[in-house]
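If you want the building blocks of each chain, they are given just below.
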Amino acid sequence: MTFSLRRWLDDERPWAAHAACRGADPALFFAGVDGGDTRTAQRICAGCPVNEECLDWAVTAGVSYGVWGGTTETQRRSLARRSA
């Protein structure tokens, strides 16, 4: 049985088809993992029409790495603590 990760992600996150980051270099969104600069990714997210859906998904899914919904890992952990 063939399993398509792309299809699963698209099914799980239908809003992603409208994301401002679609087609952008994924390395921009994971730069912070190596201590890099995440400002470019956060600027892309700032103008994204599905920013809130992306952030909600990342917090709910417990995504540990990368910029999602304009937030870094540290910012999402803080949000999760405040909502607990």
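Look above for the structure.
Along each chain, the written sequence defines residue order, and numbers are assigned to residues from 1. Totals for whole chains, interfaces and linings use every residue, but because this is a predicted model, local features are given only for residues with pLDDT of at least 70 and side-chain atom pairs only at 80 or more, for both listing and counting. Side-chain numbers come from the whole structure's heavy atoms, not from hydrogens or water.

**Thoughts on the layout of surface pockets**
Applicable threshold: Lining residues are defined by having an atom within 4 Å of a point belonging to a cavity or pocket. Those points lie on a 1 Å grid over the protein atoms alone, cavities being sets where a 1.4 Å probe fits but cannot get out and pockets being open sets with protein on both sides within 12 Å along at least five of seven lines. Grid points are joined across faces, edges and corners, and a volume is the space filled by probe spheres set on the points. Each helix is a run of H or I in the DSSP string that is no shorter than four residues. Each strand is a run of E no shorter than two, and both are numbered from the N terminus. All amino acids are sorted into three groups, where Ala, Val, Leu, Ile, Met, Phe, Trp, Tyr, Cys and Pro are nonpolar, Asp, Glu, Lys and Arg are charged, and the leftover types, Gly among them, are polar.
In this structure, the largest pocket occupies an estimated 540 Å³ of space. Lining the largest pocket are 24 residues, and of these Arg13, Cys21, Arg22, Phe29 and Trp68 lie nearest its centre. Only helix H1 (5-12), helix H2 (39-46) and helix H3 (51-61) provide two or more residues apiece to the lining of the largest pocket. With three residues, H3 is the largest single contributor of residues to the lining of the largest pocket. Tallied by class, residues from the lining of the largest pocket come to 18 nonpolar, three polar and three charged.

**Comments concerning the packing of aromatic side chains**
To keep things clear, this is the line we draw: Note on aromatic contacts: the rings of Phe and Tyr and the six-membered ring of Trp form a pair at centre separations within 6.5 Å, being stacked when their planes are under 30 degrees apart, edge-to-face when over 60 apart, and tilted otherwise. Exposure is judged per residue with a 1.4 Å probe applied to protein chains only, and the accessible area is read against the type maximum: over 50% gives exposed, under 20% gives buried, and values in between give partly exposed. The rule is short: NZ of Lys or CZ of Arg within 6 Å of the ring centre and within 35 degrees of the ring normal puts a charge over the ring.
This model, assessed by the stated rule, comprises two aromatic pairs. Plain terms: the ring middles of Trp57 and Trp68 are 5.2 Å apart, the flat faces sit at 45 degrees to each other, and that makes the pair tilted. Of this pair, Trp57 sits in helix H3 while Trp68 sits in the loop between H3 and helix H4 (73-83), placing them 11 residues apart in sequence. Residue class for Trp57 comes out buried when judged on its relative accessible area of 16%. In this structure Trp68 comes out as buried when scored by relative accessible area, which is 16%. Among the aromatic residues, ring-to-ring pairing joins Trp15, Trp57 and Trp68 into one connected group. If you follow Arg13 out to its NZ or CZ, it ends over the ring of Trp57, 5.2 Å from the centre.

**Notes on the nonpolar core**
As a rule of thumb, soluble globular proteins bury nonpolar side chains together. To be explicit about the condition: Take the buried Ala, Val, Leu, Ile, Met, Phe, Trp, Tyr and Cys residues and link them wherever side-chain atoms come within 4.5 Å; each set so joined is a nonpolar core. The contact criterion used throughout is that any non-hydrogen atoms of two residues lie within 4.5 Å.
Listed in full, the nine residues of the largest apolar core are Trp15, Ala16, Ala19, Cys48, Val50, Cys54, Trp57, Ala58 and Trp68. Among all residues touching Cys54, those that are not within four sequence positions of it are Trp15, Trp68 and Gly69.

**Looking at the side chain of Arg76**
Heads up, the rule is: All tallies of charge rest on Lys and Arg as positive and Asp and Glu as negative; His and the ends of each chain are not included. One side-chain nitrogen of Lys or Arg within 4 Å of one carboxyl oxygen of Asp or Glu is enough to make a salt bridge.
Note that Arg76 resides in helix H4. For the buried residue Arg76, which engages in no salt bridge, the nearest side chain bearing the opposite charge is Glu73, 5.2 Å off. Residues within four places of Arg76 in sequence aside, it is in contact with Leu55, Ala58, Val59, Val63, Ser64, Tyr65, Gly66, Val67, Trp68 and Thr71.

**Some remarks on a nonpolar patch on the surface**
For clarity, the cut-off: Note that patches include only residues with greater than 30% relative accessible area and no salt bridge, and the join distances are 9 Å for like charges and 5 Å for nonpolar side chains (Val, Leu, Ile, Met, Phe, Trp, Tyr). Working definition of accessibility: Shrake-Rupley area with a 1.4 Å probe, residue cover restricted to the visible protein chains.
The grouping of Phe30, Val33 and Tyr65 at the surface amounts to a nonpolar patch, some 300 Å² of accessible area in total. One can find Val33 in the loop between H1 and H2. Residue classification places Val33 among the partly exposed positions, given a relative accessible area of 43%.

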